[in-house]
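Residue strings, one per chain:
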Amino acid sequence: MMGKSDGGFSEAGLRRLREVLVRQVESGKIPGLVALVSHGGQTHVETIGTMRHDGGTPMRRDTIFRMASTSKPVTMAAAMVLLDECRLRLDDPVDPWLPELADRQVLKRPDGPLDETVPARRPITVRDLLTSTFGLGLDFELLDSPIRAATFERLDYSVASGPAPDPDEWMRRLGELPLSYQPGERWQYDLSNEVAGVLVARVTGKPLETFLRERVLDPLGMKDTGFHVPADKIDRLPPLYGPDPMTGEFHVWDEAAGGRISRPPVFQGGGGGLVSTVDDYHAYFRMLLNHGMHDGERILSRPAVQLMTTNRLAPAQQGARDAMYETIAHLSGGQGLQGGWGYGMAVRTHRNGHAPIGQFGWDGGTGTTAYADPEHQVTGILLTQVGMSTPDSPRAIHDFWTTLYQAIDD
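Residues numbered from 1 in each chain as written. Predicted model: local features only at pLDDT ≥ 70, side-chain atom pairs only at ≥ 80, totals over all residues. Heavy atoms only, no water.

A. How the structure looks around the overall build of the chain. Helix and strand content of the chain: twelve helices and 18 strands. Here the C-alpha radius of gyration of the chain, 20 Å, is about what a compact globule of 410 residues would show, namely 22 Å. Along the first, second and third principal axes, the C-alpha atoms of the chain reach 60 × 45 × 40 Å. The burial tally for the chain puts 58% of its 410 residues in the buried class. Intrachain contacts of the chain at a sequence separation of at least 6 include 69% that bridge at least 24 residues. In the form shown here, the chain has an accessible surface area of approximately 16100 Å², with 51% of it arising from carbon and sulfur atoms. A distance of 2 Å separates the average location of the 41 positive side-chain charges in the chain from that of its 53 negative side-chain charges. (Helix = DSSP H or I, 4+ residues; strand = E, 2+ residues; numbered from the N terminus. Rg over C-alpha atoms; globule rule 2.2 N^0.38 Å. Buried < 20%, exposed > 50% of the residue type's maximum accessible area, 1.4 Å probe, protein only. Contact = heavy atoms within 4.5 Å. Areas by Shrake-Rupley, 256 points an atom, 1.4 Å probe, with all protein chains shown as cover. Lys, Arg positive; Asp, Glu negative; His and termini not counted. Charge placed at Lys NZ, Arg CZ, Asp CG, Glu CD.)

B. Just the packing of aromatic side chains, in detail. Considering all chains together, one arrives at 17 aromatic pairs under this definition. Between Phe285 and Phe360, the ring centres sit 6.4 Å apart and the planes meet at 15°, which makes this aromatic pair stacked. Here Phe285, found in helix α8 (residues 278-289), pairs with Phe360, found in strand β15 (residues 360-364); they are 75 residues apart in sequence, far enough to count as distant. The pair formed by Phe285 and Phe360 is uniform in burial state, with each residue classed as buried. By way of ring pairs, the aromatic residues Phe140, Trp187, Tyr189, Tyr325, Trp341 and Trp362 are connected into one cluster. Over the face of the ring belonging to Trp187 we find Arg321, whose NZ or CZ atom lies 4.7 Å from the ring centre. (Phe/Tyr/Trp six-rings, centres within 6.5 Å; stacked < 30°, edge-to-face > 60°. Lys NZ or Arg CZ within 6 Å of the ring centre and 35° of its normal.)

C. Highlighting the sheet that holds strand β4 (residues 55-58). Ordered in space as β4-β3-β2-β17-β16-β15-β14-β13, the eight strands form an open sheet in which the pairing is antiparallel. Lying at the two open borders of the sheet, with one neighbouring strand each, are β4 and β13 (339-341). Between one strand and the next, the sheet's axes are offset by a mean angle of 20°, whatever the strand orientation. Strand direction decides the pairing type here: β13 and strand β14 (residues 346-348), joined by three bridges, are antiparallel. (Pairing = 2+ DSSP bridges. Axes fitted to C-alpha atoms, helices over the stretch in contact; angles between N-to-C directions.)

D. Fine view of the side chain of Thr50. Of note, Thr50 is situated in strand β3 (residues 42-52). For Thr50, a relative accessible area of 18% puts it in the buried group. When near neighbours in sequence (up to four residues on either side) are disregarded, Thr50 contacts Pro31, Gly32, Gly55, Gly56, Thr57, Pro58, Met59 and Gln385.

E. Broad picture of α8. If you check α8, its first and last C-alpha atoms are 16 Å apart, about what twelve residues at 1.5 Å a residue would give, namely 16 Å. Among the twelve residues of α8, ten are classified as buried, and the element is accordingly described as predominantly covered. The complete set of buried residues in α8 reads Val278, Asp280, Tyr281, His282, Ala283, Tyr284, Phe285, Met287, Leu288 and Leu289. With its phi angle positive at about 60°, His291 sits one or two positions after the end of α8. (Expected span 1.5 Å × (residues − 1).)

F. Fine view of the packing of helix α5 (residues 167-175) against helix α6 (residues 191-204). α6 packs onto α5 with a crossing angle of 130° between their chain directions and a minimal axis gap of 11 Å. In this view, α5 runs oblique relative to α6, as classed from their interaxial angle. Here α5 and α6 pass one another in a crossing that is left-handed. Within the contact between the two elements, α5 uses Pro167, Asp168, Trp170, Met171 and Leu174 and α6 uses Leu191, Glu194, Val195, Val198 and Arg202. Split by residue class, the contact of α5 with α6 holds seven nonpolar, no polar and three charged. (Parallel < 35°, antiparallel > 145°, perpendicular 65-115°, else oblique. Left-handed = near helix turned anticlockwise from the far one by under 90°. Nonpolar A, V, L, I, M, F, W, Y, C, P; charged D, E, K, R; others polar.)

G. Highlighting helix α2 (residues 72-84). Over its 13 residues, α2 runs 19 Å from end to end, which matches the ideal 18 Å to within 8%, given 1.5 Å per residue. Of all the bends in α2, the largest measures some 30° and sits at Ala78. Burial analysis of α2 places twelve of its 13 residues in the buried class, which makes it a mostly covered element. Among the residues making up α2, those that are buried are Lys72, Pro73, Val74, Thr75, Met76, Ala77, Ala78, Ala79, Met80, Val81, Leu82 and Leu83. In this structure, the buried residues of α2 make contact with α3 (126-130), α6, α7 (208-217), α8, α9 (302-309) and β15. (Bend = angle between axes of the 7 residues up to and from the residue.)

H. Representation of unusual backbone geometry in the model. Here the phi dihedral of Ala68 falls at roughly 50°; this positive angle occurs in a residue that is not glycine. Relative to the elements of secondary structure, Ala68 occurs in the loop between β5 (65-66) and α2. The class for Ala68 is buried, based on a relative accessible area of 13%. At Ser132, a position not held by glycine, the phi torsion is positive, near 65°.

I. Looking closely at the pairing of strand β17 (residues 378-384). Of all seven residues that make up β17, seven are buried, and the element is covered over most of its length. Burial along β17 is two-sided: the face carrying Val378, Gly380, Leu382 and Thr384 and the face carrying Thr379, Ile381 and Leu383 are both buried. Relative to β17, strand β2 (residues 32-39) runs antiparallel, the two being bridged by seven bridges. Looking at β17, one finds that Ser38 is bridged to Thr379.

J. The nonpolar core, seen in detail. Ranked by internal contacts, the top residues of the largest apolar core, which has 75 residues, are Leu130, Trp170, Tyr284, Leu288 and Leu300. A per-element tally of this core places α2 first, with nine residues. If we skip the residues at most four places from it in the chain, Tyr284 touches Pro73, Val74, Ala77, Val216, Leu220, Met222 and Met308. (Core = buried A, V, L, I, M, F, W, Y, C linked by side-chain atoms within 4.5 Å.)

Fair warning: the whole summary comes from geometry, so function is off the table for now.
Here is the structure:
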């Protein structure tokens, strides 16, 4: 245990943090977890529990986790590099690179029939993709709508749906769909990040992972981050569990060896495809807190980091996002109620818990969370192998943040 220091954590606070995390594992709901907290010059890591729900190999600091939607803040950096280099411009239409999205039709009513449409008022722009406002995506108020069913049928590649096709075929399927809202009108979740990943690949002429590795992952030393786990590291990957919502019984959503993450995917999903470790993510979020610098090397420009990590939503867009997440707050432990959204991540615009305004980052459906807080210069990362089919991993994430902020010793 580290001692008390200015600008770090108190001993009592770190003890309490560990006790809260141990309690989550001892409850039997979370087999294991790895947590990293840093504040000022102090970094503290906890490894608790085991890789499998029936025991065996203990969690380690270098355990590799499926990041799910916590991928978004990292994959978005590839697009920011292209903005910095003027290879993309925020208000340019995406049509030259993504012709599948040209000349869109938009539903007359978001919950209406797919064949009742009007022409889009304008093209989809780069900005629309980066802010998740291009007109399609997961919308918790449209879960029973025809467009939701059509989008899910054509584009979903979750564990239950099987792997995605190659990016060109995936984009072809996307191009068959109308938009549910006019470009720029409404924030909707997830799909825009997948499209942004394809955009990066087409602009650079390289797979998303290749460009991301050259410009972001390798310069930051993120050696365990990518879109699959190679054979020589597969023993560091736990299975992914999705507990039964009724009984809590652990179902394996994805095994390690022989599972989906054990081989390179045909579709590198910018919205949720990364695997990583607490130390890799710490390097990334520390770079964001340091305005784009890492060990004297510039990864992103200061303005690019500011665009990513500050609220980009207009008041009407933010209000709709708030309303959307309020309807499911009881299922997600309040995740998504931060208010704002930058590029690829949430930005807290109002205080409704222990974390302050300005905190940025995101959570993942595989039981992951990573945020940084510029006011306190704090980073927190908690990684589990338990998907959010039950409230157990969201509750663990909530308790992690509540306790972390009490441990700060200013």
